[in-house]
Amino acid sequence: MTWFTALLVVAVLASEGSLAVWFPKHGFRFQHEKQELDFLRHHLVKKVENVAHMDQGHILTTNWHNCGSGSATGQVVNLTITPNPIRVPGDIHVAVGAVVRENLEAPIRGDLLIKKKLFGQWIRIPCIDKKIGSCTYDDVCEMIPMKPGKPCPDPLPKYSIPCHCPFNKGNYYLPESTFKLKKPGKSVPSWLESGDYQITIHLSSKGREAGCIYLEFTLKL
């Protein structure tokens, strides 16, 4: 159920030092976040402006699959996300089922990999300010806005779905539900807005794999 929560956290949050990356096309390898960000801002952004009118909606439907091993604590059984492209601000419709094979307690480590398609290449988005992009979080439980003792937002209580750690062993299912996505704040760079994205969320707890899910979708702001 952690992706369950990860997906819900993404929806909730949306409604509100050395890194290395390889660019095959350009042959650059960056060892520092600043070099990587400067490249993206000053080199790629200019090209984006020159092709601003090109259609980037190559992903016709939202794709997903489990990327964890068969021994992972949890697994997504089914997932549908509409519409595609996902429009922000706007409504997103989510239906998801997941199974948790044993209780999951904090801390739950989260490794997030985000790639954006630019000029036919999938480019890894670096971690910006330790909160946006391909970042590692020591405990995703701390990121969840809902805290123990506080009521969970609708429609989660209706389906006995927890909204904070710990997550108990069991089967969970959320039928199609609508969430409102708000426009991101100024902390999100404009060149990270509309486009095609690949996101991999890998979760682990106490040294064991808790789960992994891969998503591919188009975002339009």
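Note that the coordinates shown come from a computational prediction; the quantities given were computed from them, not determined experimentally. Position numbers for residues count from 1 along each chain, tracking the sequence in the order it is written. Owing to the predicted nature of the model, reporting of local features is limited to residues with pLDDT of at least 70; listing and counting of side-chain atom pairs is limited to 80 or more, with chain, interface and lining totals taken over all residues. Side-chain numbers come from the whole structure's heavy atoms, not from hydrogens or water.

Cysteine sulfur pairs qualify as disulfides if the two atoms are within 2.5 Å. Inspection of every chain in the model, using the stated rule, returns four disulfides. Each sulfur of the disulfide joining Cys-127 and Cys-135 lies 2.0 Å from the other. Between Cys-127 and Cys-135, the S-S dihedral sits near 100°, and the bridge is therefore right-handed. Residue classification places Cys-135 among the buried positions, given a relative accessible area of 1%. In the protein chain, the bonded cysteines, taken in the order they occur along the sequence, pair up as 1-8, 2-3, 4-7, 5-6. For each residue, the accessible area found with a 1.4 Å probe, counting protein chains only, is set against the maximum for its type, and the residue is called buried under 20%, exposed over 50%, and partly exposed in between.

Okay, unusual backbone geometry next. Glycine aside, negative phi is the norm for most residues, and most peptide bonds take the trans geometry. Residue Pro-89 follows Val-88 across a cis peptide bond; omega there is 0°. Its location among the elements puts Pro-89 in the loop between strand 5 (86-87) and strand 6 (90-100). Each neighbour pair has its own omega, and for Asp-154 with Pro-155 the value is 5°, a cis peptide bond. Counting through the fold element by element, Pro-155 comes out in the loop between strand 9 (136-137) and strand 10 (170-181). For Phe-119, which is not glycine, the phi dihedral falls at a positive 55°. For Phe-119, the position within the fold is in the loop between strand 7 (109-118) and strand 8 (121-124). Accessibility expressed as a relative area gives 33% for Phe-119, which makes it partly exposed. Put simply, DSSP H or I for four residues or longer makes a helix, DSSP E for two residues or longer makes a strand, and each gets a number counted from the N terminus.

With that settled, consider the environment of Pro-155. The class of Pro-155 is buried, set by a relative accessible area of 19%. Taking the C-alpha atoms as reference, Pro-155 lies 9.2 Å from Thr-178; in sequence the two are 23 residues apart. Those residues within four positions of Pro-155 in sequence are excluded, and the remaining contacts are Leu-174 and Ser-177. Contacts between residues were defined by any pair of non-hydrogen atoms, one from each residue, lying within 4.5 Å.

Now for the confidence of the model for the protein chain. For the protein chain, the average pLDDT comes to 79, and 72% of its residues sit at 70 or higher. Contacts for the low-pLDDT stretch residues 1-5, under 50 throughout, to residues beyond four places or in other chains number 30 contacts. For every residue, the predictor assigns a confidence score, pLDDT, that lies between 0 and 100. Note on residues 8-31: pLDDT under 50 across the span, and 53 contacts to partners over four residues away in sequence or across chains.

Here the rule is simple: two strands pair whenever DSSP picks up at least two bridges between them. Spatially, three strands are ordered 4-6-10 in an open sheet, and the strand pairing comes out antiparallel. The two strands at the open ends of the sheet, each matched to only one other strand, are strand 4 (74-82) and strand 10. On average, adjacent strands in this sheet sit at an angle of 15° to one another, irrespective of strand direction. Relative to strand 6, strand 4 runs antiparallel, the two being bridged by eight bridges. Bridge assignment links Asn-78 to a residue of strand 6, and that residue is Gly-97. Helix axes are fitted only over the stretch in contact, all axes being lines through C-alpha atoms; the angle between N-to-C directions runs from 0 to 180 degrees.

What follows is about the nonpolar core. Here the nonpolar core consists of buried residues drawn from Ala, Val, Leu, Ile, Met, Phe, Trp, Tyr and Cys, with membership extended through side-chain atoms lying within 4.5 Å. Leu-79, Ile-86, Ile-92, Ile-108 and Phe-217 are the most contacted members of the largest nonpolar core, which has 42 residues in total. At the level of secondary structure, the elements contributing two or more residues to this core comprise strand 4, strand 6, strand 10, strand 11 (195-205) and strand 12 (208-220). Examining the composition of this core, we find that five residues originate from one element, strand 12, more than from any other. Beyond its immediate stretch of four places on either side in the chain, Ile-92 contacts Ile-81, Thr-82, Pro-83, Ile-86, Ser-177, Thr-178, Phe-179 and Leu-181.

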